[in-house]
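Each chain is listed here by its residues.
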Amino acid sequence: MNSPMTRAVQIDQPGGPEQMRIVQVPVGEPGPGEVRIRHHAIGLNFIDVYQRSGLYPLPMPLRLGMEGAGVIEAVGEGVSHLRVGDRAAYASQPPGSYCDARVMPAMNVCRLPDAIAFEEGAAMMLKGLTAQYLLKHCKPVEGLQPGDFVLFHAAAGGVGLIACQWARALGLQLIGTAGSDEKCELARANGAAHVINYRTEDFAARVKAITGGKGVKVVYDSVGKDTWDASLDCLAPFGLMVTFGNASGPVPPFAPAVLAAKGSIYVTRQTLFSHITSRERTQAMADDLFAVVASGQVKIHVAQRYPLEQVQAAHRSLEARQTIGSTVLIP
Ligand code: NDP
């Protein structure tokens, strides 16, 4: 049987957006534990930039993309949670979602509720499951209570806008930072209790003022190099620094004694892929995400759409901080 062909975005070596080109490849048939999915929308994520640039080194040639939504076309042996014709969405390794169709491990692929559009599904799995584990599974020693202050950087971005809304639903006072006044207003409209333009304001000083000098219980920092030092100054004693990205560049090595000097604070470096290591765990987290979206408490903002062939422009825009909310590629 002839396997159908697909377009896929591939790089042959790490580098800038110009390294990405569209290749035509056979899709193949799913083996045990795999499915074939035909995408209706593909999620763009900052991790794709790290993988493309070589910050996160991966074997070459490399097909990019970690998130997508579409319809299941074929199911391999041993896959019981998906059937041909199901609407589905995923955040998954290995990369390769920038394509029309692909064969992939079924473990992290979830049935998409009918009420959630493909574009939302493609935009919410990697980002929404990340917001889920950040807010619910990365806790300071004494836990988070309604009314507690947390600081969330890049609050108007893909993960950020979901986190703002979910934090509000949980009763947290999220202080959101963003790179323009317009982005700050968007974060506020989506649930941030306080907003700070960190390009024009001293965010650590503002956080101290907002919290009456006490500091926040948790800082969620995906910006990395540019915000690291001041972020540590925002924490209350025994607070938790959750570093989960490096949009401005990686955090340089630091001496553990710094943590004592800042008030015996804790630091953790998290990745979604430590949290979704079993089918049951992935489904439980996805069900929680689907429920908060279905309730209307979290809306998925797909603010940018690009045809798959304009993937270079999509990456340029994301890296230039020109996007808000989520971006999808349309095959
Ligand atoms: P975003 O849509 O949030 O885009 C990144 C944002 O970071 C920009 O819009 C920009 O917002 C801000 N930023 C600050 N400094 C820079 C800089 N020098 N260059 C570029 N952007 C900068 O992306 P995502 O929603 O896809 O991801 C958000 C972050 O979360 C990323 O760092 C990503 O890697 C991380 N992440 C980590 C995961 C994990 O499990 N570890 C999983 C998912 C995402 P502004 O202009 O407002 O500053």
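As the structure is a prediction and not an experimental result, all values here were calculated from the model. (Residues numbered from 1 in each chain as written. Predicted model: local features only at pLDDT ≥ 70, side-chain atom pairs only at ≥ 80, totals over all residues. Heavy atoms only, no water.)

The next thing to look at is the site of the ligand. Around the ligand sit 29 residues, and of these Tyr133, Lys183, Tyr198, Leu272 and Arg321 come closest. Within the backbone of Phe46, an N or O atom sits 2.9 Å from an oxygen atom of the ligand. In the model, an oxygen atom of the ligand is placed 2.8 Å from a nitrogen or oxygen of the Tyr50 side chain. The protein chains hide 92% of the 900 Å² of surface that the ligand would expose on its own. Within the residue set of the shell around the ligand, elements represented by two or more residues are helix H1 (46-53), helix H2 (118-137), helix H3 (158-169) and helix H9 (311-319). No other element matches the three residues that H2 contributes to the shell around the ligand. Tallied by class, residues from the shell around the ligand come to 13 nonpolar, twelve polar and four charged. (Near = heavy atom within 4 Å. Polar contact = N/O pair within 3.5 Å; in protein donor to acceptor, adjacent residues only side chain to side chain. Areas by Shrake-Rupley, 256 points an atom, 1.4 Å probe, with all protein chains shown as cover. Helix = DSSP H or I, 4+ residues; strand = E, 2+ residues; numbered from the N terminus. Nonpolar A, V, L, I, M, F, W, Y, C, P; charged D, E, K, R; others polar.)

Take the side chain of Arg87 next. Checked against the element boundaries, Arg87 lands in strand S6 (residues 87-91). No salt bridge forms around the buried Arg87; measuring N to O, its nearest opposite-charge neighbour Asp114 is 4.1 Å away. Within polar-contact distance, the side chain of Arg87 engages the backbone oxygen of Ile116 at 2.8 Å. (Buried < 20%, exposed > 50% of the residue type's maximum accessible area, 1.4 Å probe, protein only. Lys, Arg positive; Asp, Glu negative; His and termini not counted. Salt bridge = Lys/Arg side-chain N within 4 Å of Asp/Glu carboxyl O.)

A few words on the nonpolar core. Formed by 58 residues in total, the largest nonpolar core has its most connected members in Met125 and Tyr220. In this structure, Leu151, Ile175, Val207 and Leu235 belong to the second largest nonpolar core, which totals 19 residues. (Core = buried A, V, L, I, M, F, W, Y, C linked by side-chain atoms within 4.5 Å.)

Turning our eyes to something else, we now look at the UniProt feature "domain: Enoyl reductase (ER)" (unreviewed entry) in the protein. Following the UniProt record, one finds the feature "domain: Enoyl reductase (ER)" (unreviewed entry) at residues 15-329. With 30% helix and 27% strand, residues 15-329 has end C-alpha atoms that lie 20 Å from one another. (UniProt positions renumbered as here; feature names shortened; annotations may be inferred.)

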